[in-house]
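# Residue-level structure breakdown
What follows is each chain in one-letter form.
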Amino acid sequence: MGQGITQILVYSVVLTGLAYPLGLYMANVYSASRFGGRLLGTLERGFCRVVGTDPEREQDWKSYAKTVLVFTIFFFLVVYAIQRLQAHLFLNPDHEKAVQPHIALNTAASFVTNTNWQFYGGESTMSYLSQMTALAVQQFVSAGVGMAVLAAVIRGISRRSAATLGNFWVDLYRSLVYIFLPLSLILALILVSQGDPQTFGGHAVAHTLEGGLQEIARGPVALMLAIKQLGTNGGGFYNSNSAVPFENPTGFTNFLETIAILLIPAGQVFMFGKMVLARRHAWMVFAAMFAMFAIGVGVAFPAEQHGSQVLRASGVNITHGHGQSGGNMTDKEVRFGIADTALWATATTDASNGSVNGGHDAFTALGGAVPLVNIFVGEVIFGGVGSGLYGMFFYIIIAVFVAGLMVGRTPEWLGKKIEAREIKYAAVGALFVPTMVLTLTAISIVTKLGLASVYNPAAHGFTETLYAYTSQGNNNGSAFAGFGATNFSADFGTVAMLLGRFMPMLAALALAGALGQKKIVPASAGTFRTDGPTFVVLLVGVIVLTAGLMVFPALTLGPVVEGLIH
Amino acid sequence: MLRDLRASVVAGVVLTLAFGLAVPAAFTGFAQVAFRHEANGSLVTVNGTVVGSSLAAQSFTKPKYFHERPSATSPAYNAAGTTFSNLGPTNPALAKLVAQQAAAVLKLERPYNPGLTIHDIPVDAVTPSGSGIDPDISPAYAALQSRRIAAVRHLPLATVRKLIEEHTTGRSLGFFGEPGVDVLQLNIALDKVGGS
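Residues numbered from 1 in each chain as written. Chains lettered and ligands numbered in written order. Predicted model: local features only at pLDDT ≥ 70, side-chain atom pairs only at ≥ 80, totals over all residues.

The subject of this paragraph is the overall build of chain B. A tally of helices and strands in chain B yields six helices and five strands. Along its sequence from the N terminus, chain B presents helices and strands in the succession α-α-β-β-α-β-α-α-β-β-α. A globule of 196 residues ought to have a C-alpha radius of gyration of about 16 Å, yet chain B, at 22 Å, is considerably larger. In terms of principal-axis extent, the alpha carbons of chain B reach across some 80 × 45 × 35 Å. The proportion of buried residues among the 196 residues of chain B is 51%. Restricting to contacts in chain B with at least 6 residues of sequence separation, those with at least 24 account for 55%. (Helix = DSSP H or I, 4+ residues; strand = E, 2+ residues; numbered from the N terminus. Rg over C-alpha atoms; globule rule 2.2 N^0.38 Å. Buried ≥ 20, exposed ≤ 12 C-beta atoms within 10 Å, placed from the backbone. Contact = placed C-beta atoms within 7 Å.)

What follows is the structure in structure tokens.
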């Protein structure tokens, strides 16, 4: 356990140490009227010209939201079309057929919403063209959209008496070119040096030592991996995602990929602090997120190391030490062991990443409940790129509202009065998705069509269903992967992902529009301070009370029952 | 609306060309030059023939070879169709699988390890891996198999143990991850040392 705990501590320190300077850099990216030198500036202006936008002209929240919606719907259709036509297009060395329509629809929704839920096995379904131009492009673009919207929302919070939030095209371009591109090239370079393939040659065929034939799937993996991890995407090249050695060959790549999951979401908290000139407040938000992250790892790691009932009863040796990591090794890889798999599972569900380096379906009842709860609270423990922090804003507003009720004053946040309109937007943003998730789970679990997707028996099967809609509704994308694809589950998932992406996004933009028009009121003795530890406790408490209590009854039917009866 | 649509189409084309084709093509070109071996799947050759990849398990059933962890892919160790087993922690199918694997290990190893019991079998030997092609086994599982290998190949046990040590990948940079033994590389090395 000691070595595992040390690895987790080192992870936390390195993450914070990298996220802080990155956050300050990202604040500059979105704040500067001109960014980069002459050459980069010319490129940016060129992009704006071909798109037909005046970079100086800003949009109000409705116009910004409309552009985001049109842009995303357009790409939704493109991604669908490429998958359906891949058999007739180029870059298809392994002769993959057209993707089945319901799966293609689900996959299109999945990738344009930054979810990356995968109802297909990548290496055996998608042509290289689909992987690169449909899926990997969205891993950049949908992440860029999330970051752009966050930048706009933060501007609404920081500005006073302002009608506009920024220009979507400029924000998108800068997210992609100044943040995601350089970071993913650096990471991809390290990954390929460690063993991630990057080739357009098709499958390799090996003549094994015992005289058999083995087909080995390869492809342009490394670059897709990098953006998959950095953009909280999670959709891998291979079916088993980052458990596959070709995606994640060594303990070192595993460390870097785990850092990459939370790097930008953690950095955006510091970016927020700099942009609204409230660095202490940002540190408190970071502290609240970090506390919830630490609790998650603190539960998942011992639970997995303790092992499952089946393994303990079997009599095999699951004790750590003497040349093995022990514990629940079902669907886990030797080179990662228990600690690094539990850490990854926590990080990937805190962020809306959803990549995995081991199978969540095979986690113990308690260990598997951690990712489920992490996702259910709305992907706000660092959360998705962009979407995580604006999701957290809803909870912050509810928190200051609750504090205001306690002392009988109109609540304020960063100098803005929080009134009925803001509370309504925050409530919609925080409550819509969990309500939808529970409804879809309930319908799925009482219908024959829904039950057809369940793989494991008894309570675990319920957890699979709950996890599937929680993951899709919150745009995470990880799975209790036994949950099967049917037309019904694919279509339900499509609805969950689209509504789960856009309802909170629209609520956040509307909130920013409302806040941007307000004046700043000077803080007084009665103002609830949001830059101290009391705020951290209140914020975590509000999250636990709203989302936590909503998921609790469902948890009792799944992981709790499973944990109790064995 | 129309303005946004036109902008989206143009941006869509530009971004797809840039991030879907230009960047991957340029990066692939670079990787093929700078990291040729890794970028093509870390393939392992013996006498000019590709025998596998150091990053993928393959099927070993003969007693003269170290065996891999169980695999849930179809067929087993399918490096073009990776998958988890997805067997939940209370699933009776998992109990059955573990019992079968443990019995198979005992049957195979006991002739060379008198007194071996189920309590000596490390958990990775009886559980499916995450990818189905986990190239590593734990040092404990390698040690368990070493007596069989030495006996079948008529090699001194010390030689086999030394080979295991040489093919044990420690934690990366001495710190990250867990130690493992690359089974394919180890078996190739064994074939070179010989024994019958």
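Once the structure has been displayed, the description carries forward.
Once that is clear, we can look at the overall build of chain A. Scanning chain A for helices and strands turns up 19 helices and four strands. Expected size for 566 residues packed as a compact globule is a radius of gyration near 24 Å; at 23 Å, chain A falls within 12% of this value. Looking at chain A alone, contacts between residues at least 24 apart form 78% of all its contacts between residues at least 6 apart.

Another point: the packing of helix 1 (residues 2-31) of chain A against helix 7 (residues 168-194) of chain A. Residue and element names in this part refer to chain A. Running from amino to carboxyl end, helix 1 crosses helix 7 at an angle of 140 degrees, the nearest separation of the two axes being 10 Å. Like other packed secondary-structure pairs, helix 1 and helix 7 cross with a definite hand, here right-handed. Contacts from Met26, Val29 and Tyr30 of helix 1 reach helix 7 at Asp171, Arg174, Tyr178 and Ile179. When grouped by side-chain class, the residues that make up the contact of helix 1 with helix 7 number five nonpolar, no polar and two charged. (Axes fitted to C-alpha atoms, helices over the stretch in contact; angles between N-to-C directions. Left-handed = near helix turned anticlockwise from the far one by under 90°. Nonpolar A, V, L, I, M, F, W, Y, C, P; charged D, E, K, R; others polar.)

What follows deals with the nonpolar core. As a rule of thumb, soluble globular proteins bury nonpolar side chains together. Counting residues in hydrophobic clusters, the biggest one holds 240 residues, and the most contacted among them are Val149(A), Val153(A), Tyr395(A), Leu509(A) and Leu539(A). For this core, the element with the most residues is helix 6 (residues 128-158) of chain A, which contributes 20 residues. When we break this core down by domain, the ones giving at least three residues each are domain 1 (1-40) and domain 2 (42-193) of chain B. Leaving out residues up to four positions away in the same chain, Tyr395(A) has contacts with Val380(A), Ala430(A), Leu539(A), Val542(A) and Ile543(A). (Core = buried A, V, L, I, M, F, W, Y, C linked by C-beta atoms within 7 Å. Domains from an automatic or database assignment.)

For an interface, size is often stated in terms of accessible area lost upon the parts coming together. Between chain B and chain A, the residue contacts involve 91 residues of the former and 104 residues of the latter. When residues of the side of chain B that touches chain A are traced back to their parent elements, those giving at least two are helix 1 (2-34), helix 2 (36-39), strand 2 (49-53), helix 3 (92-109), strand 3 (136-137) and helix 4 (139-153) of chain B. When its residues are assigned to classes, the side of chain B that touches chain A shows 47 nonpolar, 34 polar and 10 charged.

Before going further, it helps to spend a moment on the environment of Val561(A). All names here are of chain A. Its location among the elements puts valine 561 in helix 19 (residues 533-565). Put simply, valine 561 and alanine 459 are 102 residues apart on the chain and 6.5 Å apart in space, counted from C-alpha to C-alpha. Each residue touching valine 561, except ones within four places of it in the same chain, is listed here: Ala459 and Thr556.

Now for the sheet that holds strand 4 (residues 168-169) of chain B. Residue and element names in this part refer to chain B. Ordered by their spatial adjacency, three strands build an open sheet running 3-5-4, and the pairing between neighbours is antiparallel. Only two strands of the sheet have a single partner each, and these edge strands are strand 3 and strand 4. As paired strands, strand 4 and strand 5 (residues 180-182) are joined by two bridges and run antiparallel to one another. Paired with threonine 168 across the two strands is valine 181, which belongs to strand 5. Strands in contact with helix 6 (residues 183-193) are strand 3 and strand 5; relative to strand 5, the strand with the most contacts, it is inclined by about 55 degrees. (Pairing = 2+ DSSP bridges.)

Residue and element names in this part refer to chain B. In this model, chain B carries a mean pLDDT of 95, and residues with pLDDT of at least 70 account for 99%. Across chain B, element-level confidence peaks in strand 3 with a mean pLDDT of 98 and bottoms out in strand 4 with 93. The ipTM value of the predicted complex is 0.96, and its pTM value is 0.95. (pLDDT = per-residue confidence, 0-100.)

What follows deals with the pairing of strand 2 of chain B. Residues and elements named next belong to chain B. Two elements, strand 1 (residues 43-46) and strand 2, share four bridges in a ladder whose sense is antiparallel. What sits directly across from threonine 45, in strand 2, is valine 50. In this antiparallel pair of consecutive strands, strand 1 and strand 2, the connection spans two residues, and asparagine 47 shows a positive phi of 50 degrees.

Time to look at helix 8 (residues 221-230) of chain A. Helix 8 of chain A sits mainly inside the fold: 10 of its 10 residues count as buried. Looking one or two residues beyond helix 8 of chain A, the residue adopting positive phi is Thr232(A), at roughly 40 degrees.

Another aspect to go through is the environment of Ala496(A). All names here are of chain A. Position of alanine 496 relative to the elements: it lies in helix 18 (residues 487-516). Taking C-alpha positions, alanine 496 is 7.4 Å from valine 437, a pair spaced 59 residues apart along the chain. Those residues in contact with alanine 496 that lie beyond four places of it in its chain are Met436, Leu440, Tyr469, Gln472 and Gly473.

Residue and element names in this part refer to chain A. If you check helix 14 (residues 387-407), its first and last C-alpha atoms are 31 Å apart, about what 21 residues at 1.5 Å a residue would give, namely 30 Å. Within helix 14, 17 of the 21 residues are buried, which leaves it mostly tucked inside the rest of the structure. Looking one or two places after helix 14, you find glycine 408, whose phi comes out positive at around 70 degrees. (Expected span 1.5 Å × (residues − 1).)

Before going further, it helps to examine unusual backbone geometry. For residues besides glycine, phi is generally negative; the peptide bonds are generally trans as well. Across the junction of Ser74(B) and Pro75(B), the peptide omega takes the value -10 degrees, indicating a cis bond. Relative to the assigned elements, Pro75(B) resides in the loop between strand 2 and helix 3. The backbone phi angle of Ala458(A) is positive, close to 60 degrees, even though this residue is not glycine. When you line up the elements, Ala458(A) lands in helix 17 (residues 458-473). Here the phi dihedral of Asn86(B) falls at roughly 60 degrees; this positive angle occurs in a residue that is not glycine. Of note, Asn86(B) is situated in the loop between strand 2 and helix 3.

Residues and elements named next belong to chain A. Of the two faces of strand 1 (residues 204-207), only one is covered, namely that formed by Ala204 and Ala206; the face formed by Val205 and His207 stays uncovered. The pairing of strand 1 with strand 2 (residues 213-216) spans four bridges and is antiparallel. Residue pairing in the sheet places histidine 207 in a bridge with leucine 213 of strand 2. In textbook terms, the turn of a hairpin is the stretch between consecutive antiparallel strands, and for strand 1 and strand 2 this stretch comprises five residues, one of which, glycine 211, has a positive phi near 90 degrees.

Attention now moves to the environment of Ser63(A). With respect to the helices and strands, Ser63(A) occurs in helix 3 (residues 61-85). C-alpha separation for the pair Ser63(A) and Leu165(A), spaced 102 residues apart in sequence, amounts to 9.6 Å.

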